[in-house]
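# Understanding the architecture of this molecule
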Amino acid sequence: MIKLLDKPLKAFTIYALIILLVSIPLYFLVVDWIWVTEIDDNHEIIMERIENRFEQAHVSGHDLETILNTWNTLQPSSSIVPIEDDFPKADSIYEVTKYNEYEQEWDRFRGLQTVIEINNKPYLLNIETNVEESYETIFAIGLVTIVLYGLLVFGFIQLNRKISKKVWKPFDKTLNTLKSFEISKGSKVSFEPTDIEEFTELNQTIVKLIDENVSTYNQQKAFIANASHELQTPIALLKSKLDLLFQDEKLDASQSELVSAIQIPLARLTRVNKNLLLLAKIENSKFVDVEALDFSIKIAKSEELLQDYLEEKSLQFQKVQLGVCRIECSKFLAETLVNNLLSNAIRHTPKNGEIIASWDASGFSFKNTGKDSLNPDLLFKRFSISTTETTNSGLGLAIVKEICKQNNWQISYSFMDSFHVFSIRF
């Protein structure tokens, strides 16, 4: 994932790279044009200077011939030779590539061929100047461009970091506040004031949204707790009346079967109500029965408590100790956690299956045989039932999740080698 400010930085960097790459041939063309223009101007100056010097010197005859021979010998880049009257008088500017004897390589030359007059006689003046090699120019320009590009990118990064730390500091504080906020704790959320209008509006909107959600959450939690509490008495009364009715000797077989059928959903209703009260208690209470507990003992007690269910399905229960699993927590919550995990394992294990409880210093886990993986997105949600058992309330794993949340423990589910695995890490 990429941070928000890194995205425009990446775009700016690519844009700068494209511009700088395009600028290299442009630099070369402009510099080459400047050099060639300067050489041509210099040739014109040299031509005028030579013509004026000869005119002022008044050299003729044998002396002139000697000077011209000496000039052509000592000035290999230029030459002055006599021409016939019918030679064309137009100046010629040209470029030629030829072998440079002094540097022992092929070079590019820019030349001027023109006619000058010495003692009223026409002479052909040829001047050539070595032009800087193109590959050397491109290399120099490319090297400078790369250095400038590096400085530009480095500056972008430093400015981006400096600006982001200052401008986005209120956003980071808002994000950290939201990360630490938990709706179940019912705490008020507040953000530091900022002089950036957008962040101020964002904070105000978040505060309003959180207040509305906290209010709704508290109302729902209070409703569930009150409703569950109020349902206790009528459920208990209904259950006792059904027990009395079931003991009535005047009931025939069909009536007894009807009463038994009513007791099955009533048992589930009783379990749901009990678990809802337990969830409300876990969410609203601070448990004071905190002590250092050995979870191996809790697992053994849970096995003893649920032994009838293990025998009913002919399940093999193994305990594997990999270390001492001891941590400070509520005794009530620890017992509830282990009982719910073991009962969940029994519920999802087929007959003659196997359950393995293992623990070490960092936590414990329950493994049980199974055919298909459970849906991890629904496992810990309330009233999400993944079994056909009629007395299942759909709240057992939700209670487990809430207990782990209260103690800042991590719970995870996986399906490996035909085993469902529920792991608790402290």
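Residues numbered from 1 in each chain as written. Predicted model: local features only at pLDDT ≥ 70, side-chain atom pairs only at ≥ 80, totals over all residues. Heavy atoms only, no water.

### Comments concerning the environment of leucine 341
When you line up the elements, leucine 341 lands in helix H9 (residues 331-347). When the C-alpha atoms of leucine 341 and isoleucine 34 are compared, they prove to be 85 Å apart, with 307 residues separating the residues in sequence. When residues no more than four places from it in sequence are discounted, the contact partners of leucine 341 are Phe364, Phe366, Leu397, Val400, Phe422 and Ile424. (Helix = DSSP H or I, 4+ residues; strand = E, 2+ residues; numbered from the N terminus. Contact = heavy atoms within 4.5 Å.)

### So, the sheet that holds strand E3 (residues 105-118)
If you walk across this open sheet you meet the four strands as E1-E4-E3-E2, and the pairing is antiparallel. The open sheet has two edge strands, strand E1 (78-82) and strand E2 (92-100), and neither has a second partner. For this sheet, the mean inter-axis angle between neighbouring strands, taken without regard to orientation, is 25°. As defined by bridge partners, E2 adjoins E3 across nine bridges and the pair is classed as antiparallel. Directly across from asparagine 100, in E3, lies its bridge partner glutamate 105. (Pairing = 2+ DSSP bridges. Axes fitted to C-alpha atoms, helices over the stretch in contact; angles between N-to-C directions.)

### With respect to the sheet that holds strand E10 (residues 410-416)
If you walk across this open sheet you meet the five strands as E6-E8-E9-E11-E10, and the pairing is mixed. The sheet terminates laterally at strand E6 (316-321) and E10, the two strands that pair on one side only. Neighbour to neighbour, the strand axes of the sheet diverge by 15° on average, direction disregarded. Of the strand pairs in this sheet, strand E9 (residues 363-369) and strand E11 (residues 419-425) are connected by seven bridges, and their pairing is antiparallel. Considered in E11, the bridge of serine 365 is made with serine 423. Its contacts with the sheet put helix H7 (residues 295-305) on E6, strand E8 (354-360) and E9, and the angle it makes with E6 is roughly 170°. Running at roughly 15° to E9, H9 makes contact with E6, E8, E9 and E11 of the sheet.

### Considering the pattern of salt bridges
With the rule as written, the count across this model stands at nine salt bridges. One salt bridge connects glutamate 192 with lysine 173, and the closest N-O pair in it is separated by 2.7 Å. Of this pair, glutamate 192 sits in the loop between helix H4 (169-180) and helix H5 (197-246) while lysine 173 sits in helix H4, and the two are 19 residues apart along the sequence. Measuring nitrogen to oxygen at the nearest pair gives 3.1 Å for the salt bridge that ties lysine 298 to glutamate 335. (Salt bridge = Lys/Arg side-chain N within 4 Å of Asp/Glu carboxyl O.)

### Some thoughts on the packing of aromatic side chains
We describe a pair of aromatic rings using the distance from one ring centre to the other and the angle between the two ring planes. Per the stated rule, a full pass over the model turns up nine aromatic pairs. Considering the side-chain rings of phenylalanine 295 and tryptophan 409, the 6.1 Å spacing of their centres and the 75° angle between planes classify their relative orientation as edge-to-face. Residue phenylalanine 295 is found in helix H7, and its partner tryptophan 409 is found in the loop between helix H10 (396-406) and E10; the two are separated by 114 residues along the sequence. Its relative accessible area of 0% is what places phenylalanine 295 among the buried residues. Take tryptophan 409: its relative accessible area is 8%, and that puts it in the buried class. (Phe/Tyr/Trp six-rings, centres within 6.5 Å; stacked < 30°, edge-to-face > 60°. Buried < 20%, exposed > 50% of the residue type's maximum accessible area, 1.4 Å probe, protein only.)

### A look at the nonpolar core
Formed by 42 residues in total, the largest nonpolar core has its most connected members in Phe295, Leu337, Leu341, Phe364 and Phe366. Those elements giving two or more residues to this core turn out to be helix H6 (253-284), H7, H9, E8, E9, H10, E10 and E11. In terms of residue count, the dominant contributor to this core is H9 (eight residues). Judged by nonpolar contacts, the second largest core, of 12 residues, contains Ile50, Leu64, Ile116 and Tyr123. (Core = buried A, V, L, I, M, F, W, Y, C linked by side-chain atoms within 4.5 Å.)

### Here we look at the environment of leucine 17
For leucine 17, the position within the fold is in helix H1 (residues 6-57). When the C-alpha atoms of leucine 17 and asparagine 176 are compared, they prove to be 36 Å apart, with 159 residues separating the residues in sequence.

### Some remarks on the packing of H4 against H5
How two helices pack is summed up by the angle between their axes together with the distance between the axes. In contact at an axis separation of 10 Å, H4 and H5 are set at 15° when each is read in the N-to-C sense. In terms of orientation, H4 lies roughly parallel with respect to H5. Handedness of the crossing formed by H4 with H5: left-handed. Within the contact between the two elements, H4 uses Pro170, Phe171, Thr174 and Leu178 and H5 uses Phe199, Leu202, Asn203, Ile206 and Ile210. (Parallel < 35°, antiparallel > 145°, perpendicular 65-115°, else oblique. Left-handed = near helix turned anticlockwise from the far one by under 90°.)

By themselves, these observations are geometric and do not establish any function.
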